[in-house]
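# Tertiary structure, described
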Amino acid sequence: MANGIMTAGRFARAFAAVAMLFMAVGCASVPDDPAERAEVAAVNDPFEPANRMMFAINEAIDTFIIRPIAVVYRDVMPSFAKEMLYNFTANLTLPLTIVNDALQGEWDRAGVAAQRLFVNTIAGFGGVVDAATGLGLPHHDEDFGQTLATYQVNAGPYVVLPLLGPSSVRRTVGRVFDFALNPLTYLLASAPLESTLVPRVISVVDQRYRLLAPLDETKRTSFDYYATIRSLYRQRRAAAILNLDDRPVFVDPTRVSVGPNR
Amino acid sequence: MRFPIIAILCCVVAAAFAAPASAGPAKELIQSLASAATPVLNDKDISSAERAQRMQDILRPAFDRDEMAKSLLGRYWLRATPEQQTELIVLLESYLVNAYASRVDSIEGHVAFDIQGETASGGRTMVASVVIRPQEPPVRVDWQVEDIGGTHSVTDIIVEGVSLVVSQRADFASVIRQRGGIDGLIGLLRDRVGKP
């Protein structure tokens, strides 16, 4: 009990320290030139100095811990095992996807996700084999950040979260709702910690492995890696929100009308 | 008996010729690029340098480098002096070739393009395609084609919803704003492409 209170107190102090850091680093100043001001509004990154600092911290953690693990995973794990692990973690995202498809009124997509979950969990041995794609049930992801976007909620400013990386205020709020809306949160509430932690770790390593080549190339070719990643994040989110998996897409974040600045 | 068969044959032949003709010039451009690039990408006996050179030879005529430079600079294009604009056109072309040649070269396994439909809106046509590699998920690549002075040119490539032009413009705009304006960008581009 006393231990719990101490932990809570420590958390509050850490939170206050981070909040003060944000305030101390401050916001980027507002320019006088109207065109310049319009661009600053489109970029919508008022916490840029603080975000850049958090981005640098995340980069250091990635360079020294997460990326090396992903490289070992790439080189050591046979490709059939990588595919099975990916299938397994992708299958676990489906319950949340179904909930968000339903909240968006996308009943067809909810049906596809539900059938996919059923097929791959039963015939795919708990999700390690993807039998559903061959049956015309392709994978897709949804989260509550996307659901909020379909409710015309603005993305709000760009934020870089500790460890989680690029995000927006809306996506951050969405993450909290996702935890509460995810059926797995309740199904696994009394399960041992490993049963939720292990898939999460696999998922992080797998995702980082998939991004090895694209991120290495982006880092090598860009002049301002932070600004490039900010743009890439927004474009990927815009495409995800519009479910542009099955149509020719052109997604210019300054032109898409579904909630400005994803 | 004979006549209907000939009539049907005629119809089939006519349909066969009509089908490619119904594809617009945008789709034709992408189709010709894909059929020229596929053997180069899949020839594993040539060196990286040679593959890059051949890809350049195929792609260069399909892009309008003046238009490319203009859209990559966005609103900063009009702030650049004519001398800066001239230099930027040359530097940006070299930069893009350098930046994307190695990405193309690192593609492993057999590559095939599936050119799908095209949709036109407001003077620009999007041609949808899927890049297929064995053991890999298919990658959606959309080609934006515009009629520039009577010639159809590729003005953007969108991979899985990420636009080359929008991404590069974000990088360049940040450099211009925070690292010494257009001259700052020109300096960085010179260093990158190895020009004095």
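Here the structure is a predicted model, which means the values were calculated and not measured.

## Concerning the pattern of salt bridges
Residue and element names in this part refer to chain A. For the structure on display, the rule yields 23 salt bridges over all chains. Of the charged contacts in the structure, one is a salt bridge between Asp224 and Arg52, with a shortest N-O distance of 2.8 Å. A residue pair is termed long-range when its members are at least 10 positions apart, and Asp224 in the loop between helix H11 (212-221) and helix H12 (225-241) and Arg52 in helix H3 (residues 48-76) qualify at 172 residues. Residue classification places Asp224 among the buried positions, given a relative accessible area of 5%. On the accessibility criterion, Arg52 (24% relative accessible area) is partly exposed. Look at the salt bridges and you will find they share partners, linking Asp45, Glu48, Arg52, Asp224 and Arg230 into a network.

## Some details on the nonpolar core
Across soluble globular proteins, nonpolar side chains show a tendency to be buried alongside one another. Residue and element names in this part refer to chain B. Core analysis: the biggest nonpolar cluster contains 26 residues, and Leu73, Leu88, Leu92, Tyr95, Leu185 and Leu189 have the highest contact counts within it. Of all the secondary-structure elements, those providing two or more residues to this core are helix H4 (65-73), helix H5 (82-105), helix H6 (164-178) and helix H7 (181-193). By residue number, the principal contributor to this core is H5, which donates seven residues. Not counting residues up to four positions away in its chain, the partners in contact with Leu73 are Leu88, Leu92, Arg169, Ile176 and Leu185.

## Focus: H11 of chain A
Buried within H11 of chain A we find Leu212, Leu215, Glu217, Thr218 and Thr221 of chain A. Tucked inside the fold, the buried residues of H11 of chain A contact H3, helix H10 (193-210) and H12 of chain A together with H5 and H7 of chain B.

## A word on the interface of chain A and chain B
It is common to report an interface's size as the accessible area lost on association of the parts. Counting residues at the interface gives 33 residues for chain A, matched by 37 residues for chain B. At the boundary of chain A with chain B, the tally comes to 13 residue pairs in polar contact (both at pLDDT 80 or more). Within the residue set of the side of chain A that touches chain B, elements represented by two or more residues are helix H2 (34-43), H3, H11 and H12 of chain A. For the side of chain A that touches chain B, the element with the highest residue contribution is H12 of chain A, accounting for eight residues. In terms of residue class, the side of chain A that touches chain B is built from twelve nonpolar, six polar and 15 charged.

## Describing the sheet that holds strand E2 (residues 124-132) of chain B
All names here are of chain B. An order of E1-E2-E3-E4-E5 is seen for the five strands of this open sheet, with the pairing classed as antiparallel. Looking along the sheet, the strands with just one partner apiece sit at the ends: strand E1 (112-121) and strand E5 (162-163). One ladder, built from eight bridges, connects E1 with E2; its direction is antiparallel. Residue Phe113 lies in a different strand from E2, and its bridge partner there is Val131.

## Observations regarding H6 of chain B
Residue and element names in this part refer to chain B. For H6, spanning 15 residues, the distance from its first C-alpha to its last is 21 Å, which sits close to the expected 21 Å at 1.5 Å a residue. By the criterion of burial, H6 is predominantly enclosed, with eleven of the 15 residues buried. Put simply, Ser163 is the residue that caps the front of H6, since its side-chain oxygen is 3.2 Å from the backbone nitrogen of Val165.

## Brief notes about the packing of aromatic side chains
Aromatic ring pairs: the centre-centre distance and the angle between the two ring planes describe each pair. Per the counting criterion, the structure on display carries nine aromatic pairs over all chains. Among the aromatic residues, those joined into a cluster by ring pairs are Phe55, Tyr158, Tyr225, Tyr226 and Tyr233 of chain A. Note that Arg210 of chain A overlies the ring of Tyr86 of chain A, its terminal NZ or CZ placed 4.4 Å from the centroid. Over the aromatic face of Tyr76 of chain B sits the side chain of Arg75 of chain B, whose NZ or CZ is 4.5 Å from the ring centroid.

## Quick notes on the confidence of the model for chain B
Detailed reading of the predicted coordinates is not advisable wherever pLDDT falls low. Residues and elements named next belong to chain B. This prediction gives chain B a mean pLDDT of 86; 88% of its residues lie at or above 70. Below pLDDT 50 for its whole length, residues 17-21 participates in one contact with residues either more than four positions away or in separate chains. This complex was scored by the predictor with a pTM of 0.83 and an ipTM of 0.84.

## Points about the side chain of Asp156 of chain B
Residue and element names in this part refer to chain B. Relative to the helices and strands, Asp156 resides in strand E4 (residues 151-159). For the buried Asp156, which has no salt bridge, the nearest side chain bearing the opposite charge is Arg169, at an N-O separation of 7.1 Å. A polar contact of 2.6 Å, which involves the side chain of Asp156, links it to the side chain of Ser163.

## A word on the environment of Ile176 of chain B
Residue and element names in this part refer to chain B. For Ile176, the location among the structural elements is in helix H6. Sequence-wise, Ile176 and Ile186 are ten residues apart; in three dimensions their C-alpha atoms are separated by 9.4 Å. Once residues lying within four places of it in the same chain are set aside, the contact partners of Ile176 are Leu73, Tyr76, Gly181, Ile182 and Leu185.

## Description of unusual backbone geometry
Positive phi outside glycine occurs at Asn44 of chain A, with the angle close to 50 degrees. The topology assignment puts Asn44 of chain A in the loop between H2 and H3. Even without glycine at this site, Glu160 of chain B takes up a positive phi of about 50 degrees. By the element assignment, Glu160 of chain B lies in the loop between E4 and E5.

What counts and how
- Residues numbered from 1 in each chain as written.
- Chains lettered and ligands numbered in written order.
- Predicted model: local features only at pLDDT ≥ 70, side-chain atom pairs only at ≥ 80, totals over all residues.
- Heavy atoms only, no water.
- Salt bridge = Lys/Arg side-chain N within 4 Å of Asp/Glu carboxyl O.
- Helix = DSSP H or I, 4+ residues; strand = E, 2+ residues; numbered from the N terminus.
- Buried < 20%, exposed > 50% of the residue type's maximum accessible area, 1.4 Å probe, protein only.
- Core = buried A, V, L, I, M, F, W, Y, C linked by side-chain atoms within 4.5 Å.
- Contact = heavy atoms within 4.5 Å.
- Polar contact = N/O pair within 3.5 Å; in protein donor to acceptor, adjacent residues only side chain to side chain.
- Nonpolar A, V, L, I, M, F, W, Y, C, P; charged D, E, K, R; others polar.
- Pairing = 2+ DSSP bridges.
- Expected span 1.5 Å × (residues − 1).
- Phe/Tyr/Trp six-rings, centres within 6.5 Å; stacked < 30°, edge-to-face > 60°.
- Lys NZ or Arg CZ within 6 Å of the ring centre and 35° of its normal.
- pLDDT = per-residue confidence, 0-100.
- Lys, Arg positive; Asp, Glu negative; His and termini not counted.

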